[in-house]
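# Topology and contacts: notes
The primary structure of each chain is shown beneath.
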Amino acid sequence: MAVALQKQRSTQTGRQKDEKKWGQQKPPVYRRFVQGGLAAMAGGAASHPLDVIKVLLQIQGEGSAVPGARKLGLFQMGQKVFFNDGVTGLFRGLTASLLRQGVYSSVRFGVYDSINDSFRRMNGDVSKELPLWEKVISGISAGAIGAAVGNPADVAMVRMQADGRLPPEQRRNYKNVFDGLSRIAREEGVLALWNGVVPTVARAMVVTASQFAAYDQIKETLLSTGIFRDNPSTHFTSGFLAGFVASCTSNPVDVIKTRIMNMKPGQYSGPIDCTIKTVRSEGPLALYKGFVPTFVRQAPFVIVTFVTLEQIKRFYRYLDSR
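Here we summarise the structure given alongside this text.

Rules of the game
- Residues numbered from 1 in each chain as written.
- Predicted model: local features only at pLDDT ≥ 70, side-chain atom pairs only at ≥ 80, totals over all residues.
- Heavy atoms only, no water.
- Phe/Tyr/Trp six-rings, centres within 6.5 Å; stacked < 30°, edge-to-face > 60°.
- Buried < 20%, exposed > 50% of the residue type's maximum accessible area, 1.4 Å probe, protein only.
- Helix = DSSP H or I, 4+ residues; strand = E, 2+ residues; numbered from the N terminus.
- Polar contact = N/O pair within 3.5 Å; in protein donor to acceptor, adjacent residues only side chain to side chain.
- Contact = heavy atoms within 4.5 Å.
- Expected span 1.5 Å × (residues − 1).

### Details of the packing of aromatic side chains
Summed over all chains, the structure comprises 11 aromatic pairs. Aromatic side chains Phe 82 and Phe 83 sit 5.7 Å apart centroid to centroid with 65° between the ring planes, which places their arrangement in the edge-to-face category. The partly exposed category is assigned to Phe 82, whose relative accessible area is 40%. An angle of 70° between the planes, with centres 6.1 Å apart, marks the rings of Phe 315 and Tyr 316 as edge-to-face. Given a relative accessible area of 47%, Phe 315 falls into the partly exposed group.

### Quick word on the side chain of Arg 92
Here Arg 92 shows up in the loop between α4 (87-90) and α5 (94-123). At 3.0 Å, the side chain of Arg 92 and the side chain of Asp 85 are in polar contact. Discounting residues that sit within four places of it in the chain, Arg 92 has contacts with His 48, Val 52, Asp 85, Met 160, Gln 161, Asp 163 and Gly 164.

### Examining helix α7 (residues 177-188)
Its 12 residues give α7 an end-to-end C-alpha distance of 16 Å, which sits within 8% of 16 Å, the value for a rise of 1.5 Å per residue. Among the residues of α7, those classed as buried are Val 177, Asp 179, Gly 180, Leu 181, Arg 183 and Ile 184. Where α7 is buried, its residues touch α5 and α6 (132-162). Its side-chain oxygen at 3.0 Å from the backbone nitrogen of Phe 178, Asn 176 defines the N-terminal cap of α7. Positive backbone phi, approximately 100°, marks Gly 189, located one or two places after α7.

The following block contains the structure:
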């Protein structure tokens with residue numbers, strides 16, 4: 001009997017060690033890219049109508065010939081788009097958004113996790129949580145690389161979203177993201193696909209560091225209290241708070257990026273020129289144009305992205321354990 005009990009305890013201990021090891025196992029590198037891209041595409045699709053409204057709010061008043069013209073708010077802009085273009089107007093540029101997230105966020109998530117793993121190995125303990133500053137460095141690096149790779153799709157997305165505010169004779173009328181990319185390259189040159197790459201990279205560095213590092217740090221803090229568990233409600237809360245942090249830090253850069261991508265040839269010489277002209281003609285608060293829709297868009301994007309990512313990871317862990 002004693003031998004049987006000892007054998008049972010040994011089996012249970014071995015099982016616990018296996019479960020602990022399973023929880024600490026890292027997925028193959030390619031899987032990090034795929035999981036992040038799929039999760040971000042879900043987040044991008046869920047928040048796309050708000051992204052369309054955000055872009056239109058950020059560029060209203062730009063080059064306006066009517067000084068003091070009434071500016072529309074979040075709901076008024078949404079109503080205008082809906083009444084003028086219908087539901088499809090709120091999803092203008094969705095194909096470009098999905099392509100952008102599939103490229104941009106795949107790289108962000110893959111690079112972020114890989115750099116974090118490098119930090120853990122350097123620290124000598126792969127199971128220990130990283131300090132916030134190391135997560136921020138990982139986020140900055142991942143955002144810069146992802147933005148540089150995904151900039152062409154970002155240019156096409158912004159133009160497709162902003163097309164509806166132009167007079168009919170001036171609209172670009174891209175059929176889809178691939179038509180937009182090919183026409184931009186053909187009509188304006190390949191380098192036009194990287195219009196706004198400097199502010200895009202700057203914004204991505206800020207946004208990725210804010211979203212990823214804030215999400216991880218907030219989630220770890222909540223779990224450390226012993227009140228929260230590693231479940232969708234905790235992921236939701238962490239994503240909501242991370243979305244607010246990212247909105248506060250990224251809005252000024254986002255405004256400049258949007259205006260440069262949507263500019264007519266020669267309108268701005270660069271991000272600094274765009275910033276100066278924007279502040280001079282519209283005031284400093286113009287850099288926070290669209291903050292409410294930015295947050296309203298960031299929150300669901302971050303929430304859906306990270307909740308989806310956690311479930312995808314959980315599903316793959318289940319498959320790996322079989």
